[in-house]
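Below are the chains, spelled out letter by letter.
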Amino acid sequence: MTDDIRNVVLGVVIAAVVGAALGWMARTYLYRRRLRRKQAFFGLPENAESLLVVNRDPATAEPAVHRFDVFSLLELSALIKECGANVQVVTQDTAHQGFGERTEFCVGGPGTNRRMVAHMAAMLPGVRVNVDPEPGPDRGAFQIGSERYRMEPGVTEYVLLARLTAGDRREARPVFLFCGQRAITNQAATRYLARHHERLARKHGQNSFVLLLKVVNSQAYGPDVVELVGDVTRAAQAPLPVPAERGAHRAS
């Protein structure tokens, strides 16, 4: 092998090594940047503590978790672990603590999750959920501002997906709410968050938002077919008007 050929081969090898090193560095940089953005959106820096609050299955007398809510917990746990954070799972009747100190994921509607009731009263005064157990067209319906959203079980169902922070504290950790009309809609919301968190982070940053999602034909498609009805943040955070009492007279 002549010196010229040896130099050419050596140059090719060096270029390949340098190219591979630069490619690895670029991929590492992009991965770390995506991870930092994900951690910021979820409020989950490395080794941070988080809370998973699970509701109870209303179909059983014993304390139990619906299987769709178990699937929700598994998907949320995977997101938390990807951020390098730690998680504690508690039931809705044992979560006796405030919010804002650590990221919280609260799963289940107000009919089965008293923690959800507290969060909605404090941060979503413009939302009402019909928790009447008696059958009827308004059972489980959402009232958001002036709009009402009734469910048709297995065909058309709704769920609220919210990211909320306590007041204007930028350093406060967020609370994520998955408030569905049925357990399968809770899973649909957690799956939607897992699939679209990057787009949501780009659009909303670290600000609060409330999204209304529609789960289509869950009896055939399960939690996979989800449509975004709209961003209802303003209506959900504005107090509902107080209805006038019957027999009240208009002030002169």
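Let me begin by describing the structure that accompanies this report. This structure is a prediction, so every number in the text was calculated from the model and none was measured. (Residues numbered from 1 in each chain as written. Predicted model: local features only at pLDDT ≥ 70, side-chain atom pairs only at ≥ 80, totals over all residues. Heavy atoms only, no water.)

1. Side note on the nonpolar core
Next, step 1: Counting 27 residues, the largest nonpolar core has Phe42, Phe105, Phe178 and Leu193 as its most contacted members.
Next, step 2: For this core, the secondary structure elements donating two or more residues are helix H1 (3-42), strand E1 (49-54), helix H2 (67-82), strand E3 (103-107), strand E7 (156-164), strand E8 (175-180), helix H4 (183-204) and strand E9 (209-216).
Next, step 3: Ranked by residue count, the leading element in this core is H4, at 5 residues.
Next, step 4: Residues in contact with Leu193, not counting those within four places in the same chain, are Phe41, Phe42, Leu161, Phe176, Phe178 and Leu200. (Core = buried A, V, L, I, M, F, W, Y, C linked by side-chain atoms within 4.5 Å. Buried < 20%, exposed > 50% of the residue type's maximum accessible area, 1.4 Å probe, protein only. Helix = DSSP H or I, 4+ residues; strand = E, 2+ residues; numbered from the N terminus. Contact = heavy atoms within 4.5 Å.)

2. Here we look at the side chain of Ser72
Next, step 1: Inspection of the secondary structure puts Ser72 in helix H2.
Next, step 2: The class for Ser72 is buried, based on a relative accessible area of 0%.
Next, step 3: Those residues in contact with Ser72 that sit more than four places away from it in its chain are Val107, Asn186, Gln187 and Thr190.

3. Details of H2
Next, step 1: Its 16 residues place the ends of H2 23 Å apart at the C-alpha level, agreeing with the 22 Å of an ideal helix rising 1.5 Å per residue.
Next, step 2: Within H2, burial applies to Phe68, Asp69, Ser72, Leu73, Glu75, Leu76, Leu79 and Ile80. Angularly, the buried residues of H2 cover 165° about the axis, an arc narrow enough to put them on a single face. Within H2, the exposed residues directed more than 90 degrees away from the buried face are Arg67, Leu74 and Lys81.
Next, step 3: One or two positions beyond H2, positive phi appears at Gly84, with a value near 80°. (Expected span 1.5 Å × (residues − 1). Arc of directions from axis to C-beta.)

4. Comments concerning unusual backbone geometry
Glycine aside, residues mostly have negative phi, and peptide bonds are mostly found in the trans state.
Next, step 1: Even without a glycine there, the phi angle at Asn47 is positive, about 65°.
Next, step 2: With respect to the element layout, Asn47 can be found in the loop between H1 and E1.
Next, step 3: Relative accessible area serves as the criterion here: at 54%, Asn47 is assigned to the exposed category.
Next, step 4: Here the phi dihedral of Asn217 falls at roughly 50°; this positive angle occurs in a residue that is not glycine.

5. Focus: the sheet that holds strand E5 (residues 142-144)
Next, step 1: Taken together, the 3 strands give an open sheet; going across it, the order is E4-E5-E6, and neighbouring strands pair in antiparallel fashion. This sheet does not close on itself; its edge strands, each paired only once, are strand E4 (127-129) and strand E6 (147-149). Along the sheet, successive strands turn relative to each other by an average axial angle of 15°, direction set aside.
Next, step 2: In the sheet, E5 pairs with E6 via 3 bridges, with the strands oriented antiparallel. Paired with Phe142 across the strands is Tyr149, a residue of E6. (Pairing = 2+ DSSP bridges. Axes fitted to C-alpha atoms, helices over the stretch in contact; angles between N-to-C directions.)

6. Side note on the sheet that holds E9
Hydrogen bonds along the backbone pair up the strands of a sheet, which may run parallel or antiparallel.
Next, step 1: Pairing within the open sheet is mixed, and its 7 strands lie in the order E2-E1-E3-E8-E7-E9-E10. Among the strands making up the open sheet, the edge pair consists of strand E2 (86-91) and strand E10 (226-231). Across this sheet, the average inter-strand angle for adjacent strands is 20°, counted without regard to direction.
Next, step 2: When E9 meets E10, the two strands line up antiparallel, connected through 5 bridges. Paired with Leu213 across the two strands is Leu228, which belongs to E10.
Next, step 3: Helix H3 (residues 114-123) rests against E1, E3, E7 and E8 of the sheet, and its axis sits at about 110° to E8.

7. Remarks on the packing of aromatic side chains
Next, step 1: Overall, the coordinates contain 8 aromatic pairs when judged by the stated rule.
Next, step 2: Relative to Phe105, the ring of Phe42 has its centre 6.3 Å away and its plane inclined at 40°; by these criteria the two rings are tilted. With Phe42 in helix H1 and Phe105 in strand E3, the pair connects residues that are 63 residues apart, well separated along the chain.
Next, step 3: On the accessibility criterion, Phe105 (0% relative accessible area) is buried.
Next, step 4: Plain terms: the ring middles of Phe68 and Phe71 are 6.2 Å apart, the flat faces sit at 70° to each other, and that makes the pair edge-to-face. With a gap of 3 residues between them, Phe68 and Phe71 both fall in helix H2, about one helical turn apart.
Next, step 5: When its relative accessible area of 16% is taken as the criterion, Phe68 is described as buried.
Next, step 6: Residue Phe71 is classed as partly exposed on the basis of its relative accessible area of 35%.
Next, step 7: Directly above the aromatic system of Phe68 lies the positively charged group of Arg67, at a separation of 4.4 Å from the ring centroid. (Phe/Tyr/Trp six-rings, centres within 6.5 Å; stacked < 30°, edge-to-face > 60°. Lys NZ or Arg CZ within 6 Å of the ring centre and 35° of its normal.)

8. As for the environment of Gly84
Next, step 1: In this fold, Gly84 is placed in the loop between H2 and E2.
Next, step 2: When neighbours within four sequence positions are excluded, Gly84 is seen to be in contact with Pro45, Glu46 and Asn47.

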